[in-house]
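Overview (structure and organization)
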Amino acid sequence: QVQLVESGGGLVQAGGSLRLSCAASGRTFSNYYMAWFRQAPGKEREFVARVNWSSDSTAYADSVKGRFTISRDGAKNTVYLQMNSLKPEDTAVYYCTARAIVAGQYDYWGQGTQVTVSS
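Heads up: these notes are all about the structure in this document. (Residues numbered from 1 in each chain as written. Predicted model: local features only at pLDDT ≥ 70, side-chain atom pairs only at ≥ 80, totals over all residues. Heavy atoms only, no water.)

Observations concerning the sheet that holds strand β8 (residues 78-83)
Here we have four strands laid out as an open sheet, ordered β1-β3-β8-β7, and antiparallel in their pairing. Strand pairing shows two members of the sheet lacking a second neighbour, β1 (3-7) and β7 (68-73), which therefore form its edges. Averaged over neighbouring strand pairs, the angle between their axes works out to 15° when direction is ignored. (Pairing = 2+ DSSP bridges. Helix = DSSP H or I, 4+ residues; strand = E, 2+ residues; numbered from the N terminus. Axes fitted to C-alpha atoms, helices over the stretch in contact; angles between N-to-C directions.)

Let's talk about unusual backbone geometry
Backbone geometry places Asn-31, a non-glycine residue, at a positive phi of 65°. Although it is not a glycine, Asn-77 sits at a positive phi angle of roughly 50°. Topologically, Asn-77 is positioned in the loop between β7 and β8. You can call Asn-77 partly exposed: its relative accessible area is 21%. (Buried < 20%, exposed > 50% of the residue type's maximum accessible area, 1.4 Å probe, protein only.)

Here we look at the packing of aromatic side chains
What the rule picks out here adds up to seven aromatic pairs. Between the aromatic rings of Phe-29 and Tyr-32, the centroid separation amounts to 5.6 Å while the plane-to-plane angle is 90°, which identifies the pairing as edge-to-face. In this pair, the class of Phe-29 matches that of Tyr-32, namely buried. Between Phe-37 and Tyr-106 the ring centres are 5.2 Å apart and the planes differ by 70°, which places this aromatic pair in the edge-to-face class. Pair noted here: Phe-37 is in strand β4 (residues 32-39) and Tyr-106 is in the loop between β9 (92-100) and β10 (108-109), with a separation of 69 residues, a long-range link. Given the relative accessible area of 16%, Tyr-106 is considered buried. An aromatic cluster of at least three residues, connected via ring pairs, comprises Phe-37, Phe-47, Tyr-95, Tyr-106 and Trp-109. (Phe/Tyr/Trp six-rings, centres within 6.5 Å; stacked < 30°, edge-to-face > 60°.)

A short note on the state of the cysteines
By the definition in use, this model includes one disulfide. The residue that forms a disulfide with Cys-22 is Cys-96, at a sulfur-sulfur distance of 2.0 Å. Residues Cys-22 and Cys-96 are joined by a disulfide whose S-S torsion is about -75°; by sign, that bridge is left-handed. Of this pair, Cys-22 sits in strand β3 (residues 18-25) while Cys-96 sits in strand β9, and the two are 74 residues apart along the sequence. This pair shows no difference in class: Cys-22 is buried, exactly as Cys-96 is. (Disulfide = S-S within 2.5 Å.)

Here it is in structure tokens:
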């Protein structure tokens, strides 16, 4: 059974940094996208970033491009989201998720970790 466990959230001042981690288990993730989504209060869940587990290619939402970096460590089966220059509008619950590249939707989700950026 696939499990995704996020950690690293917290409270930070605007302009600060946080690194989120997602420990993945239950299968091999070759030919998978690993991604981060977020959901702010009263808003829909939105895509943040993704990484192709096999090729390391990445993609980002325009709102985080240049500030956030997604990466993965194959030896640790862990995906990271380095968040720099944080803004109050980055405040949200951040979710780690995974899907097969050929699949149409993300099948596996973590429980989420809260990120709060104070102004």
